[in-house]
Structure formats: structure tokens, C-alpha cells
Amino acid sequence: FLGALKDRKNPLALPHILRAVVDKGGKPDAMVVVGDGPLKVATGRLARDLRVDTGMVFVGRAHDDDRPRHYANADIFVFPSRMEGFGMPVLEAMATGLPVVCSAVGALPELVRDGWNGFLIQDPDDHAAFADRIVELLRHKKLRDEMGRRALLTAEIYTWGRSAALLRDALEGMI
């Protein structure tokens, strides 16, 4: 997970998701939480209460230069957000070849095609659904790698150059 630890990003779901992954027999090395915000302490406390605190690593806020390293050290990107505009962290993760398990809110379904480059979870608080998909990806490296390749293909569509060209074309069409 990479993002602000505030309500709309739903970081309190992360300990529940990790607990469900472990209960389903998943053996993640760790769930790394990159970010800071008002729910950091509560998320850590909940992880302790659910006895998954040894499996969660809080690294704090990442500077832009550090973000690629965090993505590169991951196998799966998990993003249980309740509300998203575009979902830049999801696109950044995809650009590094990570399959994504995220909620189906805002523009995220435009980036993630369920079952193709990641998985969409309809309810951001359906911890079991997140866990099912995470365990599936942890157990099937071939699927994880294939979705990661497809995530890269998706990310190639969303470049700044392409965005600028589309904006230029739209503005020229107005003249």
C-alpha cells in the first residue's frame, strides 16, 4: 500500500486484510505500508489487536524518488480506497509491473480490468474478498507475472506525452 493514511484511503482495512490473508493460509513476507497521516497510529494499533503487527511494516511517507524502490520490492499492490479520483499510486504500481488488488471506486475500474491486470473488489470493506485475491496471486506466480506484464501494458497508455497530445488535440478542436 502506498498513500495517505486517512479515511478515504481506508488504511484501517489493511490489518483486517492481512489477518484474512494469514487465516486463509497465505504466507506473505510482509505487508508494507508506505505513507503517513492521521490514521497511522490507529492502523498500527489495529494491527496489534489483530495480532498481525509483526507482519506489517510502516515505512512512513515516501519522497517521489523513493517510490519506485518501494514498488520494485513488492509482489502485489493493495489499495482498498473508499474514494479515488484517478488513482495515481495504482498507475505507478502498474508501471513497475505489479498486479493490483484494489477497490472498484472512482476511476480505478478504468485502470484495472478485473482478472486481466489485477482484481477489482466491489466493497472496499470486504476484507475476505481482498484476501482471496491476494492469496490467489501469492500462490500462483505465473498468474502474478502475467497480470504484472498486462499492468505494464496498461501503464504505457497513460503517459504524460499522450495526455499532452490528447489535450492539445482537444484544444485545437475548439478553435
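Refer to the structure presented above.
Residues numbered from 1 in each chain as written. Predicted model: local features only at pLDDT ≥ 70, side-chain atom pairs only at ≥ 80, totals over all residues. Heavy atoms only, no water.

What follows is about the nonpolar core. Of all hydrophobic cores here, the largest spans 48 residues; its most connected members are Ile17, Met56, Phe77, Val90, Met94, Val101 and Val112. The contact partners of valine 101, leaving out residues within four places of it in the chain, are Ile76, Phe77, Val78, Phe79, Phe119, Ile121, Phe130, Arg133, Ile134 and Leu137. (Core = buried A, V, L, I, M, F, W, Y, C linked by side-chain atoms within 4.5 Å. Buried < 20%, exposed > 50% of the residue type's maximum accessible area, 1.4 Å probe, protein only. Contact = heavy atoms within 4.5 Å.)

Moving on: the packing of helix H4 (residues 88–95) against helix H7 (residues 141–157). Contact pair H4 / H7: the axes reach a minimum separation of 7 Å and the direction vectors enclose 120 degrees. By the angle class used here, H4 and H7 are oblique. Our pair here, H4 against H7, has a crossing hand that is left-handed. Between H4, through Leu91, Met94 and Ala95, and H7, the contact on the second element is made entirely by Ala151, Leu152, Thr154 and Ala155. A per-class count over the contact of H4 with H7 returns 6 nonpolar, 1 polar and no charged. (Axes fitted to C-alpha atoms, helices over the stretch in contact; angles between N-to-C directions. Helix = DSSP H or I, 4+ residues; strand = E, 2+ residues; numbered from the N terminus. Parallel < 35°, antiparallel > 145°, perpendicular 65-115°, else oblique. Left-handed = near helix turned anticlockwise from the far one by under 90°. Nonpolar A, V, L, I, M, F, W, Y, C, P; charged D, E, K, R; others polar.)

So, on to the packing of aromatic side chains. Evaluated as defined, the whole model comprises 4 aromatic pairs. Ring geometry for tyrosine 71 against phenylalanine 77: centres 5.7 Å apart, planes inclined by 65 degrees, an arrangement best described as edge-to-face. The pair formed by tyrosine 71 and phenylalanine 77 is uniform in burial state, with each residue classed as buried. One aromatic cluster in this structure is built from Phe1, Tyr71, Phe77 and Phe79. (Phe/Tyr/Trp six-rings, centres within 6.5 Å; stacked < 30°, edge-to-face > 60°.)

So, about the side chain of serine 81. One can find serine 81 in the loop between strand S3 (77–79) and H4. Look at serine 81 and you get buried, because its relative accessible area is 0%. In terms of polar contacts, serine 81 uses its side chain to reach the backbone carbonyl oxygen of methionine 83, at 3.0 Å. In this structure serine 81 touches Arg8, Lys9, Asn10, Ser103, Val105 and Pro124, once residues within four positions along its chain are discounted. (Polar contact = N/O pair within 3.5 Å; in protein donor to acceptor, adjacent residues only side chain to side chain.)

Under the counting rule described, the total for this entry stands at 13 salt bridges. Across the pair aspartate 7 and arginine 82 runs a salt bridge whose closest N-O atoms are separated by 3.9 Å. Of this pair, aspartate 7 sits in the segment before helix H1 (13–23) while arginine 82 sits in the loop between S3 and H4, and the two are 75 residues apart along the sequence. Across the pair aspartate 132 and lysine 24 runs a salt bridge whose closest N-O atoms are separated by 2.9 Å. A residue pair is termed long-range when its members are at least 10 positions apart, and aspartate 132 in helix H6 (residues 127–139) and lysine 24 in the loop between H1 and strand S1 (31–34) qualify at 108 residues. (Salt bridge = Lys/Arg side-chain N within 4 Å of Asp/Glu carboxyl O.)

The next thing to look at is the sheet that holds strand S4 (residues 100–103). Across the sheet, 3 strands lie side by side as S3-S4-S5; this open sheet has parallel pairing. Pairing within the sheet leaves two strands with one partner each, and these edge strands are S3 and strand S5 (118–121). Strand after strand, the sheet turns through a mean of 10 degrees between neighbouring axes, direction not considered. Pairing of S3 with S4 involves 3 bridges; the strand directions are parallel. If you follow phenylalanine 79 over to S4, its bridge partner there is cysteine 102. (Pairing = 2+ DSSP bridges.)

Moving on: the layout of surface pockets. The computed volume of the largest pocket comes to approximately 530 Å³. In terms of lining, the largest pocket is formed by 22 residues, of which the most central are Ala30, Val32, Ala74, Asp75 and Ile76. Elements with a contribution of two residues or more to the lining of the largest pocket: H1, S1, helix H3 (67–72), S3 and H6. Partitioned by chemical class, the residues of the lining of the largest pocket number 16 nonpolar, 2 polar and 4 charged. (1 Å grid on protein atoms, 1.4 Å probe; cavity = no way out; pocket = protein on both sides within 12 Å on 5 of 7 lines; lining within 4 Å. Points joined across faces, edges and corners; volume = space filled by probe spheres on them.)

A few words on the pairing of S5. Covered by surrounding structure in S5 are Gly118 and Leu120 together with Phe119 and Ile121, the residues of both alternating faces. Strand direction decides the pairing type here: S4 and S5, joined by 4 bridges, are parallel. In the strand pairing of S5, cysteine 102 is matched with leucine 120.

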